[in-house]
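Residue-level structural notes
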Amino acid sequence: RLPGSDATLAALAGAIIYAAAPGHIVSIYWLAAFSMTGTALVVLSTVYLWLRTEGGVRVVGCTVLQVIGLLASEHAVVIPALLGAVAALGPRREPGRQVARHLLMPSLVVVVYVCLKTYYVGSNPARLGGGYEVDLDLMRCLWQIGWYGAACFNVTAL
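Residues numbered from 1 in each chain as written. Predicted model: local features only at pLDDT ≥ 70, side-chain atom pairs only at ≥ 80, totals over all residues. Heavy atoms only, no water.

Here we look at the overall build of the chain
When helices and strands are tallied, the chain shows 6 helices and 0 strands. What you see in the chain, going N to C, is helices and strands ordered as α-α-α-α-α-α. Looking at the chain as a whole, 27% of its 158 residues are labelled buried. Sequence-distant contacts, at least 24 apart, represent 59% of the contacts inside the chain between residues at least 6 apart. For the chain, the accessible area works out to roughly 10700 Å², and carbon and sulfur atoms hold 72% of it. (Helix = DSSP H or I, 4+ residues; strand = E, 2+ residues; numbered from the N terminus. Buried < 20%, exposed > 50% of the residue type's maximum accessible area, 1.4 Å probe, protein only. Contact = heavy atoms within 4.5 Å. Areas by Shrake-Rupley, 256 points an atom, 1.4 Å probe, with all protein chains shown as cover.)

Okay, here's the thing in structure tokens:
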């Protein structure tokens, strides 16, 4: 519905203003807020570009936005999967090979990022501090999730 709407530009302008100027939060949290709102802005811009363009413009634009999104926050790793879902469920029915070709470069950026991040963290866990390590220990993972959950719902932590 997004590209067919008469209010597309107005909605996009409102989203950009909201995401670019989060005045509703305390100014000390600007960087933390931008890592979420800035990334959300890039992700939504990538979806908009995907829906509005085709061919080389789409590939280059989505790849550039993928890099920008990862510079804002690693939450942008979801872009290729999100674009794949938009391609599969969206208004245009494109051939699977074409979608795969268009998603190849943004996906490659994500794979390289994940490999570099895994190497960086795995080569020296002390860089992150606080007990972060790359491992497959299920009990440690569940303990960490529980610890974060308890901190989120603990009034004194807020």
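Brief notes about helix H3 (residues 55-72)
One turn of an α-helix holds 3.6 residues; hence residues three or four places apart share an orientation. With 18 residues, H3 extends 26 Å from end C-alpha to end C-alpha; this agrees with the ideal 26 Å at 1.5 Å per step. Restricting attention to buried positions, one finds in H3 the residues Arg58, Val59, Gly61, Cys62, Thr63, Leu65, Gln66, Gly69 and Leu70. (Expected span 1.5 Å × (residues − 1).)

So, the environment of cysteine 62
Positionally, cysteine 62 belongs in helix H3. The buried category is assigned to cysteine 62, whose relative accessible area is 0%. In this structure, cysteine 62 is in contact with Thr46, Leu49, Trp50, Leu83 and Pro106, ignoring residues within four places of it in sequence.

Looking at empty space enclosed by the protein
Under the defined criterion, the tally for this structure stands at 1 cavity of 30 Å³ or more. Approximately 40 Å³ is the volume attributed to the largest cavity. Taken together, Trp50, Leu51, Arg58, Val86, Ala87, Gly90, Pro91, Arg92 and Glu94 make up the full set of residues lining the largest cavity. Looking at the lining of the largest cavity, the elements with two or more residues in it are helix H2 (30-52) and helix H4 (79-89). Among the residues forming the lining of the largest cavity, the class breakdown is 5 nonpolar, 1 polar and 3 charged. (1 Å grid on protein atoms, 1.4 Å probe; cavity = no way out; pocket = protein on both sides within 12 Å on 5 of 7 lines; lining within 4 Å. Points joined across faces, edges and corners; volume = space filled by probe spheres on them. Nonpolar A, V, L, I, M, F, W, Y, C, P; charged D, E, K, R; others polar.)

A short note on the nonpolar core
Residues Trp50 and Leu83 are the most contacted members of the largest nonpolar core, which totals 17 residues. Elements that contribute at least two residues to this core include exactly H2, H3, H4 and helix H5 (96-123). What tryptophan 50 contacts, discounting residues up to four positions off in sequence, is Arg58, Cys62, Leu83, Val86, Ala87, Arg92, Glu94, Val99, His102 and Leu103. (Core = buried A, V, L, I, M, F, W, Y, C linked by side-chain atoms within 4.5 Å.)

A word on the packing of aromatic side chains
Within the structure shown, the criterion is met by 0 aromatic pairs. It is arginine 58 that lies over the ring of tryptophan 50; its NZ or CZ is 3.9 Å from the centre. (Phe/Tyr/Trp six-rings, centres within 6.5 Å; stacked < 30°, edge-to-face > 60°. Lys NZ or Arg CZ within 6 Å of the ring centre and 35° of its normal.)

Quick notes on the packing of H3 against H5
Direction vectors running N to C along H3 and H5 enclose 20 degrees, while the axes themselves pass 8 Å from each other. As the angle between them shows, H3 and H5 are arranged roughly parallel. Pair H3 / H5 crosses with right-handed handedness. Counting all contacts with H3, which are made through Gly55, Arg58, Val59, Cys62, Thr63, Gln66, Val67 and Leu70, the residues of H5 involved are Arg101, His102, Met105, Pro106, Val109, Val110 and Tyr113. Class assignment for the residues of the contact of H3 with H5 results in 9 nonpolar, 4 polar and 2 charged. (Axes fitted to C-alpha atoms, helices over the stretch in contact; angles between N-to-C directions. Parallel < 35°, antiparallel > 145°, perpendicular 65-115°, else oblique. Left-handed = near helix turned anticlockwise from the far one by under 90°.)

Considering the pattern of salt bridges
All chains considered together, the criterion is met by 2 salt bridges. Its salt-bridge partner being arginine 58, residue glutamate 94 comes within 2.9 Å of it at the nearest N-O pair. Taken as a pair, glutamate 94 in the loop between H4 and H5 and arginine 58 in helix H3 lie far apart in primary sequence, 36 residues in all. Judged by its relative accessible area of 18%, glutamate 94 falls in the buried class. The class of arginine 58 is buried, set by a relative accessible area of 0%. The closest approach of N and O atoms between glutamate 74 and lysine 117, which form a salt bridge, is 2.7 Å. (Salt bridge = Lys/Arg side-chain N within 4 Å of Asp/Glu carboxyl O.)

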